[in-house]
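Listed below are the residues making up each chain.
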Amino acid sequence: MAERGRPREFDRAAALRLAMESFWEHGYEGTSIGDLTARMGIRPPSLYAAFGSKERLFREAVALYEGMEGEPPLRALREAPTAVAGIEAMLRANVRSYTMAGRPTGCMIVLAATTYTPSTQGIRDFLAEQRRAGTEAVRERLVRGQADGDVPPDADTGALAAYVMSVQFGLSLHARDGATRDQLDAVVDHTLAGWEAAVAARVPAAGTG
């Protein structure tokens, strides 16, 4: 028998996953402490005792999301035999993730802080850093493609990485707006169809445009 007056224990890992889903669906500002405790099945003192604060809970939730949803597409990017094959594999994996039934659509890292106040600027900056890390992973794969010979040596890897991630961010927003998997895959098809032109694009030198 539980000791009288002892706080009810809860599964921290399960609670964290529920919190992640709340933040994923409603964003950081759109998710209140009341929303979180109701979803997690705990009282506010238990939340603060286990996670410290809403912001710390959010950061843990982002880390959980990255491990569950962010790492598989990045692994597909790195392990493909060519850079373009890796980019396709990453985008297709994200399309599947963004449209999976029974959970929030789109990408938590893109959608969780589209608006902010001065008090939540740290959250905005934190998520922006996560997105920059994704862009850098794509750029590094393109640089490796240059070394392997499947990306032209004079290709602008920074601009190409930004282009790829702009497509990925757009896929997330379209998924949240209700786009189907087939519709998002069609966007990826068009992106790949224009890949050679994107690789060959050049930014005019200053003063020549």
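Residues numbered from 1 in each chain as written. Predicted model: local features only at pLDDT ≥ 70, side-chain atom pairs only at ≥ 80, totals over all residues. Heavy atoms only, no water.

Chemist: Outline the packing of aromatic side chains, supporting the account with residue identities and numerical values.
Modeler: Following the criterion strictly, the structure yields five aromatic pairs and no others. For the ring pair Phe-23 and Tyr-28, a centre distance of 6.0 Å and an interplane angle of 15 degrees mean the geometry is stacked. Of the two residues examined, Phe-23 and Tyr-28, each falls in the buried class. The interplanar angle of 70 degrees and the centroid separation of 5.0 Å between the aromatic rings of Tyr-28 and Phe-58 together place this pair among those described as edge-to-face. Pair noted here: Tyr-28 is in the loop between α1 (12-26) and α2 (33-40) and Phe-58 is in helix α4 (residues 54-79), with a separation of 30 residues, a long-range link. Each member of the pair, Tyr-28 as well as Phe-58, is classed as buried. Through pairs of rings, three or more aromatic residues link up here, namely Phe-23, Tyr-28, Phe-58 and Phe-126. Positioned above the aromatic ring of Tyr-28 is the side chain of Lys-54, whose terminal nitrogen or guanidinium carbon lies 4.3 Å from the ring centre. Against the face of Phe-126 rests Arg-59, its NZ or CZ located 4.4 Å from the ring centre. (Phe/Tyr/Trp six-rings, centres within 6.5 Å; stacked < 30°, edge-to-face > 60°. Buried < 20%, exposed > 50% of the residue type's maximum accessible area, 1.4 Å probe, protein only. Helix = DSSP H or I, 4+ residues; strand = E, 2+ residues; numbered from the N terminus. Lys NZ or Arg CZ within 6 Å of the ring centre and 35° of its normal.)

Chemist: Explain the environment of Tyr-98 residue by residue, including any values.
Modeler: Along the chain, the position of Tyr-98 falls in helix α5 (residues 83-98). Exposure remark for Tyr-98: the relative accessible area of 0% places this residue in the buried category. Between the C-alpha atoms of Tyr-98 and Gln-183, which are 85 residues apart in sequence, the distance is 12 Å.

Chemist: Run through the packing of α1 against α4, naming residues and quoting values.
Modeler: For any two helices packed against each other, the geometry comes down to the angle between their axes and how far apart the axes lie. Relative to each other, α1 and α4 sit at 90 degrees, their axes nearing to 9 Å. For the element pair α1 / α4, the angle class is roughly perpendicular. Residues Arg-12, Leu-16, Arg-17, Ala-19, Met-20, Phe-23 and Trp-24 of α1 touch α4, and the partners they reach there are Lys-54, Leu-57, Phe-58, Glu-60, Ala-61, Leu-64, Tyr-65, Met-68 and Glu-69. Residues that form the contact of α1 with α4 fall into these classes: eleven nonpolar, no polar and five charged. (Axes fitted to C-alpha atoms, helices over the stretch in contact; angles between N-to-C directions. Parallel < 35°, antiparallel > 145°, perpendicular 65-115°, else oblique. Contact = heavy atoms within 4.5 Å. Nonpolar A, V, L, I, M, F, W, Y, C, P; charged D, E, K, R; others polar.)

Chemist: Hey, could you go over the confidence of the model for the protein for me, with residue numbers and the actual values?
Modeler: Should the pLDDT be low somewhere, the predicted coordinates at that spot are not to be read in detail. Taken over all residues, the pLDDT of the protein has a mean of 91, while the share at 70 or more is 90%. A low-confidence stretch, residues 1-6 (pLDDT under 50), is modelled with zero contacts involving residues beyond four sequence positions or located in other chains. Low pLDDT, under 50, characterises residues 205-209; the stretch is placed with one contact to residues that sit more than four places away or in other chains. (pLDDT = per-residue confidence, 0-100.)

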